[in-house]
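Examining the three-dimensional arrangement
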Amino acid sequence: MFDVTTQVTPEGIRGRAGRLAQHLIPDLDQRTYARARKRDRRTRNASSDFQLLRSRAAQSWPAFGTEPTVVVVPPEGPESETWEPARWNIYFEASQRLRETPGGPTVLDFHVDPAESPGQWQARLVDFLRDSQATHVLTHIERDPVTEPTTWTWDSFWEWVHPHWQGVLLGGMFDSSYRFTEAKAKILASMSPRFALVDICIPMDSALVKGRPEVGPVNIPMSNRTLELVESHIADQGKEFDVSFMGVMYDYRVELVRKLQASGLSVAVNPHRSDGALDADATRQNQPSWLDYMRGLAASKATINFSRSNAGPFEQLKTRVVEVGLAGTYLLTDDHDRTRRFWDAGTFSEFNGLDDLVTVSERVLGDSAELASATESFSERARFLARHHYWGAIEATLRARGLPSLGIEPFTM
């Protein structure tokens with residue numbers, strides 16, 4: 001029977017129609033987004049700012065040199081206090097890591113001035129690529145460098161540059177499980193097969209173009225200097241707790257901690273913080289340094305990792321996993337695919353739900369010899385992955401797609 005209290009509005013009808021259309025055409029939202037971006041790009045490209053980019057891109061380009069040259073365009077460069085070791089700037093670490101790779105390519109950093117308009121820095125980047133005879137660009141393509149997250153003009157750059165420059169655009173992403181983040185990568189991938197996605201969280205093979213391999217999930221790179229700083233910062237840190245949890249304290253996580261404590265385990269919540277921070281709001285405030293975070297990880301025998309993405313029911317390869325290994329701590333994780341891609345099953349433990357976590361934790365912590373052996377194996381693998389996985393995985397994808405090589409060893413499982 002019809003409920004007379006229900007108001008049927010045009011907005012409601014459109015909403016239901018939209019959901020039905022999305023069900024019938026799963027990528028309808030991304031197609032709509034791409035059309036809107038195309039209209040925006042036409043308007044943007046007609047401006048004098050981007051006409052400069054167009055004219056620079058159309059000038060003659062030299063042939064590639066015999067050696068690969070990689071240009072890194074970081075979202076936060078020298079203008080940021082994170083452009084140094086052990087500050088969790090992935091692009092600083094990636095740049096340094098590649099420089100440290102024996103026999104690796106020439107590596108150059110290109111930094112954007114916050115005062116520059118997109119057309120200005122992109123025209124300057126074109127000149128930089130031409131002058132350096134660059135073969136690859138690595139950047140973060142979720143947003144423009146040194147801007148608010150909503151500013152994105154990489155589509156203009158790639159539209160004008162890819163017909164003339166024969167190099168590869170390596171587009172880094174932190175979370176392609178967000179629909180419109182992935183949509184940006186699809187736009188760039190549709191323009192040229194010389195775009196390759198590098199995602200640190202989820203598998204992306206065939207996600208942009210059917211049958212086309214991408215890079216991901218990939219463990220974060222770390223330079224030798226950062227690894228040395230971690231080692232020295234945690235060297236004298238003993239094991240003070242059985243289990244730790246690092247992160248935002250949502251309500252269900254508060255319940256988890258209570259259950260673990262009730263089982264008799266000593267549980268530390270964000271032990272790297274001096275202020276307690278036992279609720280969601282507090283854990284987002286006054287964040288300690290990354291090295292302090294690593295010392296906090298090292299203070300427990302085991303730590304908990306939740307792999308679910310904020311974008312939905314997707315397992316991610318969290319950066320915490322490799323960090324746990326570098327901290328010399330045992331991993332307890334709820335993912336059943338991501339971690340086992342890179343570590344042997346016997347070196348960490350998976351759990352299903354809160355009750356299972358209590359059981360697994362008690363079992364793991366009950367055998368100190370086995371715990372120590374597994375932790376050391378996991379840590380050794382983490383150190384290897386931090387040094388070799390990121391660029392090695394990129395090289396493997398470049399070779400699989402017949403794209404210009406970095407001239408380094410590909411990563412193989």
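These remarks concern the structure in this document. In this text, all values refer to a predicted model and were calculated from it rather than measured experimentally.

Check the secondary structure of the protein chain and you find 14 helices and 12 strands. Computed over the C-alpha atoms, the radius of gyration of the protein chain is 24 Å, within 12% of the 22 Å expected from 2.2 N^0.38 for a compact globule of 413 residues. Projected onto the principal axes, the alpha-carbon positions of the protein chain cover approximately 75 × 70 × 40 Å. Evaluated residue by residue, the protein chain yields a buried proportion of 51% over its 413 residues.

Sheet strands pair by backbone hydrogen bonding; their relative direction is either parallel or antiparallel. The 5 strands lie next to each other as 7-6-8-11-12, forming an open sheet whose pairing is parallel. Every other strand in the sheet has two partners, leaving strand 7 (267-269) and strand 12 (349-350) as the edge strands with one partner each. Pairing of strand 6 (residues 241-245) with strand 7, which is carried by 3 bridges, proceeds in the parallel orientation. Residue pairing in the sheet places Ser 244 in a bridge with Ala 268 of strand 7. Against the sheet, helix 9 (residues 251-262) contacts strand 6, strand 7 and strand 8 (300-305), and its axis sits at roughly 155° relative to strand 7.

Before going further, it helps to examine the packing of aromatic side chains. This model, assessed by the stated rule, comprises 13 aromatic pairs. Each ring, one from Phe 384 and one from Phe 411, has its centre 6.4 Å from the other, and the planes form 40°; the classification is tilted. Of the two residues, Phe 384 sits in helix 14 (residues 368-400) while Phe 411 sits in the segment after helix 14, which places them 27 residues apart along the sequence. With relative accessibility at 11%, the residue Phe 411 sits in the buried group. Of the aromatic side chains, those joined through ring pairs into one cluster are Trp 121, Trp 154 and Phe 157.

The buried count for helix 11 (residues 290-298) comes to 7 of 9 residues, which makes it a mostly enclosed element. Of the residues making up helix 11, those classed as buried are Trp 290, Leu 291, Tyr 293, Met 294, Gly 296, Leu 297 and Ala 298. Of the surrounding secondary structure, the elements contacted by the buried residues of helix 11 are helix 8 (224-234), strand 8 and helix 12 (319-326).

The computed volume of the largest pocket comes to approximately 1300 Å³. Together, 41 residues line the largest pocket, and Met 246, Gly 247, Lys 318, Thr 319 and Arg 320 are the ones closest to its centre. At the level of secondary structure, the elements contributing two or more residues to the lining of the largest pocket comprise helix 9, helix 11, strand 9 (308-309), strand 10 (312-315) and helix 12. Class assignment for the residues of the lining of the largest pocket results in 17 nonpolar, 12 polar and 12 charged. Roughly 320 Å³ of internal volume is contained in the second largest pocket. Forming the walls of the second largest pocket are 17 residues, and the residues nearest its centre are Val 230, Glu 231, Ile 234, Leu 326 and Arg 383. In terms of residues, the lining of the second largest pocket owes the most to one element, helix 8, which gives 6 residues. Broken down by class, the residue content of the lining of the second largest pocket amounts to 7 nonpolar, 5 polar and 5 charged.

Attention now moves to the packing of helix 11 against helix 12. Packing of helix 11 against helix 12 brings their axes to within 9 Å, and their N-to-C directions diverge by 65°. When the interaxial angle is binned, helix 11 and helix 12 end up roughly perpendicular. The handedness of the crossing between helix 11 and helix 12 comes out as right-handed. Mapping the contact onto sequence places Trp 290, Tyr 293, Met 294 and Leu 297 in helix 11 and Arg 320, Glu 323, Val 324 and Leu 326 in helix 12. Taken together, the residues of the contact of helix 11 with helix 12 break down into 6 nonpolar, no polar and 2 charged.

In this section: the packing of helix 5 (residues 118-132) against helix 6 (residues 154-161). Packing of helix 5 against helix 6 brings their axes to within 11 Å, and their N-to-C directions diverge by 40°. By the angle between their axes, helix 5 is oblique relative to helix 6. Between helix 5 and helix 6 lies a crossing whose hand is right-handed. Side by side, helix 5 and helix 6 meet where Trp 121, Gln 122, Leu 125, Val 126 and Leu 129 of the first sit next to Trp 154, Ser 156, Phe 157 and Val 161 of the second. Grouping the amino acids of the contact of helix 5 with helix 6 by side-chain chemistry returns 7 nonpolar, 2 polar and no charged.

A contiguous patch of positive charge, built from Arg 35, Lys 38, Arg 39 and Arg 42, is present on the exposed surface. We classify Arg 42 as exposed; its relative accessible area is 55%.

A word on the side chain of Asn 89. Its place among the elements puts Asn 89 in the loop between strand 1 (69-73) and helix 4 (90-99). With a relative accessible area of 4%, Asn 89 lands in the buried category. The contact partners of Asn 89, leaving out residues within four places of it in the chain, are Glu 76, Thr 82 and Trp 83.

So, on to the pattern of salt bridges. One pass over the full model with this rule turns up 27 salt bridges. Put simply, Lys 259 and Glu 255 hold a salt bridge, and the shortest N to O gap is 3.9 Å. Of this pair, Lys 259 and Glu 255 both sit in helix 9, separated by 4 residues, roughly a single helical turn. Shared partners join several salt bridges into a network, and the residues in it are Arg 37, Asp 40, Arg 41, Arg 44, Asp 155 and Glu 159.

The rules we used
Residues numbered from 1 in each chain as written. Predicted model: local features only at pLDDT ≥ 70, side-chain atom pairs only at ≥ 80, totals over all residues. Heavy atoms only, no water. Helix = DSSP H or I, 4+ residues; strand = E, 2+ residues; numbered from the N terminus. Rg over C-alpha atoms; globule rule 2.2 N^0.38 Å. Buried < 20%, exposed > 50% of the residue type's maximum accessible area, 1.4 Å probe, protein only. Pairing = 2+ DSSP bridges. Contact = heavy atoms within 4.5 Å. Axes fitted to C-alpha atoms, helices over the stretch in contact; angles between N-to-C directions. Phe/Tyr/Trp six-rings, centres within 6.5 Å; stacked < 30°, edge-to-face > 60°. 1 Å grid on protein atoms, 1.4 Å probe; cavity = no way out; pocket = protein on both sides within 12 Å on 5 of 7 lines; lining within 4 Å. Points joined across faces, edges and corners; volume = space filled by probe spheres on them. Nonpolar A, V, L, I, M, F, W, Y, C, P; charged D, E, K, R; others polar. Parallel < 35°, antiparallel > 145°, perpendicular 65-115°, else oblique. Left-handed = near helix turned anticlockwise from the far one by under 90°. Patch = residues over 30% accessible without salt bridge, like charges linked within 9 Å, V, L, I, M, F, W, Y side chains within 5 Å. Areas by Shrake-Rupley, 256 points an atom, 1.4 Å probe, with all protein chains shown as cover. Salt bridge = Lys/Arg side-chain N within 4 Å of Asp/Glu carboxyl O. Lys, Arg positive; Asp, Glu negative; His and termini not counted. Charge placed at Lys NZ, Arg CZ, Asp CG, Glu CD.

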